[in-house]
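Fold and geometry: a report
Residues per chain, in single letters:
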Amino acid sequence: MRLSYPTNIKIMKVPCTGRVDIIHVLKAFENGADGVYLVGCLEGDCHFLTGNLRAKKRVEYVKKLLDETGIGGERVAMYNLSAAEGQRFAGVAREMTEKIRALGPNPVKKQWSSNQVANPAKAGLEPSNP
Amino acid sequence: MIVANRKPFEEIIEMVKPYSRILLLGCNECVTVCAVGGAKEVAVLASEVRLFRQKEGRPVEIKELTLERNCDLEYVETLKPIINDYDVVISMACGCGIQFVGENYRNKIILPAVNTSFEGVTEEHGVWTERCQGCGNCVLDKTLGICPVTRCAKSLFNGPCGGSQDGKCEVDKDIPCGWQLIVDRYKEMNMLEKYLEIQPAKDWSTSRDGGPRKRIREDLKI
């Protein structure tokens, strides 16, 4: 299909979204991610029966935690699509990128880059060719 | 097992406000099983605190550590070489563990990150319910394994009371009437005649009324 989607997205492969734990999402934010979204199989189509449903619950839980810490739960999302939905995958990537761009950078990263990194672009924290 | 609930994040973050080097202590026993203070929950709370403080511009250093037990000197002693490297200890262990660490490191402030709630069971994954209040004088033989002290909101010994409606307690429609459970159990076991026995007033001297309790087994003392 040769579809393109925003290059700012880093894909972390897991055997099933049911493998994703609360701490994985929190660590992503600690390490400077601006947003995290889970792409699981369609509900009812999980090879392991309930992996994607568990992931959905965990996303809801982690949203609460991120609201409490001031990062903002809206930076996390869960999408369900099938392996045949390449178009939608690219669409979701664009949708999420736009949503997170509108929210601005992860507030932790902002602090981190201004406090500790003299040249954020050089450290790979900001795009060098905007 | 001892069941606890995590304190609200705002409360925890307020407690640790003055500190920048924190030892976050979990426990591998009951609080791990009830998913409130094991290694996983320690990691999540540490991450939350780091995120919050980083955002505030006051980064914090957190050492995550989960002891096998916080209520046993053997494991609490292992903190000795590192505890003084930290300003404060936040404990996710039950109330016993929190106090025991505090007793053994008197120069350290120990802050609780959980509210210790009850002695209970895992009814299903993610659901814990109370079963025992540790009254010190078990009557489960008389009530066929259903505790009237815990399961009856009034801890009645000759129940049920008038608040029992359709098998539910008047305290909450989701709480089964303890005495209904007991009567149902008598019926199930064809022992309904036991229900006719009037139970005398319970001796509560073995319960909390006598202050903190103590158990000694001389043969085990070293």
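Residues numbered from 1 in each chain as written. Chains lettered and ligands numbered in written order. Predicted model: local features only at pLDDT ≥ 70, side-chain atom pairs only at ≥ 80, totals over all residues. Heavy atoms only, no water.

Description of unusual backbone geometry
- Following Gly159(B), the chain continues into Pro160(B) via a peptide bond in cis, with omega recorded as 0 degrees.
- In this fold, Pro160(B) is placed in the loop between α7 (148-151) and β8 (168-169).
- If you check the backbone angles, Leu49(A) has positive phi at about 75 degrees while not being a glycine.
- On the secondary structure map, Leu49(A) appears in the loop between β1 (36-40) and α2 (51-69).
- Using a relative accessible area of 66% as the deciding quantity, one classes Leu49(A) as exposed. (Helix = DSSP H or I, 4+ residues; strand = E, 2+ residues; numbered from the N terminus. Buried < 20%, exposed > 50% of the residue type's maximum accessible area, 1.4 Å probe, protein only.)

A word on the layout of surface pockets
- Counted as a void, the second largest pocket has a volume near 1400 Å³.
- In this structure, the second largest pocket is lined by 36 residues; those nearest its centre are Ile22(A), Tyr61(A), Ala35(B), Glu41(B) and Trp128(B).
- When residues of the lining of the second largest pocket are traced back to their parent elements, those giving at least two are α1 (22-30) and α2 of chain A together with β1 (2-6), α2 (30-33), α3 (39-56) and β6 (114-124) of chain B.
- In terms of residue count, α2(A) provides more of the lining of the second largest pocket than any other element does, 7 residues in total.
- Looking at the lining of the second largest pocket residue by residue, the classes come out as 16 nonpolar, 8 polar and 12 charged. (1 Å grid on protein atoms, 1.4 Å probe; cavity = no way out; pocket = protein on both sides within 12 Å on 5 of 7 lines; lining within 4 Å. Points joined across faces, edges and corners; volume = space filled by probe spheres on them. Nonpolar A, V, L, I, M, F, W, Y, C, P; charged D, E, K, R; others polar.)

As for a negative patch on the surface
- The grouping of Asp67(A), Glu68(A), Glu74(A) and Glu10(B) at the surface amounts to a negative patch.
- If you trace the backbone, Asp67(A) turns up in helix α2. (Patch = residues over 30% accessible without salt bridge, like charges linked within 9 Å, V, L, I, M, F, W, Y side chains within 5 Å. Areas by Shrake-Rupley, 256 points an atom, 1.4 Å probe, with all protein chains shown as cover. Salt bridge = Lys/Arg side-chain N within 4 Å of Asp/Glu carboxyl O. Lys, Arg positive; Asp, Glu negative; His and termini not counted. Charge placed at Lys NZ, Arg CZ, Asp CG, Glu CD.)

Here we look at the sheet that holds strand β3 (residues 61-67) of chain B
All names here are of chain B.
- Strand order in the open sheet made by the 4 strands is β3-β2-β4-β5, with parallel pairing throughout. With partners counted over all chains shown, the strands left at the sheet margins are β3 and β5 (110-112), one partner each. With direction set aside, neighbouring strand axes in the sheet form an average angle of 25 degrees.
- In terms of strand pairing, strand β4 (residues 88-91) meets β5 through 3 bridges, oriented parallel. Counterpart to Val89 in the pairing with β5 is Ile110.
- Strands in contact with α3 are β2 (21-27) and β3; relative to β3, the strand with the most contacts, it is inclined by about 170 degrees.
- Sheet strands in contact with helix α6 (residues 95-104) are β2, β4 and β5, and its direction is about 170 degrees off that of β5. (Pairing = 2+ DSSP bridges. Axes fitted to C-alpha atoms, helices over the stretch in contact; angles between N-to-C directions. Contact = heavy atoms within 4.5 Å.)

Considerations on the pattern of salt bridges
- Per the stated rule, a full pass over the model turns up 15 salt bridges over all chains.
- Of the charged contacts, one joins Glu29(B) and Arg69(B) as a salt bridge, the two residues approaching to 3.2 Å between their closest N and O atoms. Taken together, the residues span a long stretch of sequence, with Glu29(B) in the loop between β2 and α2 and Arg69(B) in the loop between β3 and α4 (73-76) at a distance of 40 residues.
- What you see here is one network of salt bridges that share partners, running through Glu30(A), Arg50(B) and Glu64(B).

Let's talk about the interface of chain A and chain B
- Each partner contributes residues to the interface: chain A has 19 residues there, and chain B has 16 residues.
- Interface area, chain A with chain B, both sides summed: about 1400 Å², of which 62% is carbon and sulfur.
- Where chain A meets chain B, there are 2 salt bridges.
- When the shortest N-O distance is used, the salt bridge between Asp21(A) and Lys40(B) registers 2.8 Å.
- If you look at where chain A meets chain B, you find 3 residue pairs in polar contact (both at pLDDT 80 or more).
- Its residues assigned to classes, the side of chain A that touches chain B shows 10 nonpolar, 5 polar and 4 charged. (Buried area = accessible area lost by both parts, 1.4 Å probe. Polar contact = N/O pair within 3.5 Å; in protein donor to acceptor, adjacent residues only side chain to side chain.)

Points about the environment of Glu14(B)
- Residue placement: Glu14(B) occurs in helix α1 (residues 9-15).
- A sequence separation of 179 residues divides Glu14(B) from Glu193(B), and the C-alpha atoms of the two residues are 57 Å apart.

Points about empty space enclosed by the protein
All names here are of chain A.
- Considering all chains together, one arrives at 1 cavity of 30 Å³ or more under this definition.
- In this structure, the largest cavity occupies an estimated 40 Å³ of space.
- Around the largest cavity, the lining residues are Val20, Asp21, Ile22, Val25, Leu38, Ala55, Arg58, Val59 and Val62.
- Listed by contribution, the elements that provide at least two residues to the lining of the largest cavity are α1 and α2.
- Considering each element in turn, the lining of the largest cavity owes the most residues, 4 residues, to α2.
- Among the residues forming the lining of the largest cavity, the class breakdown is 7 nonpolar, no polar and 2 charged.

Focus: α3(B)
Residue and element names in this part refer to chain B.
- Across its 18 residues, α3 extends 26 Å between first and last C-alpha, which sits within 8% of the 26 Å expected from 1.5 Å per residue.
- Within α3, 14 of the 18 residues are buried, which leaves it mostly tucked inside the rest of the structure.
- Following α3 by one or two positions, Gly57 has its phi on the positive side, about 85 degrees. (Expected span 1.5 Å × (residues − 1).)

Side note on the confidence of the model for chain B
- When pLDDT is averaged along chain B, the result is 96, and 100% of the positions lie at 70 or above.
- Two summary scores accompany this predicted model of the complex, namely pTM at 0.90 and ipTM at 0.87. (pLDDT = per-residue confidence, 0-100.)

Let's talk about the side chain of Thr129(B)
Residues and elements named next belong to chain B.
- Position of Thr129 among the secondary structure elements: in strand β7 (residues 127-132).
- Within the structure, the side chain of Thr129 is placed 2.8 Å from the side chain of Glu123, a separation counted as a polar contact.
- Here the side chain of Thr129 touches Arg131 through a polar contact of 3.0 Å, side chain to side chain.
- In this view, Thr129 contacts Phe118, Glu119, Gly120, Val121 and Glu123; residues no more than four positions away in its chain are not counted.

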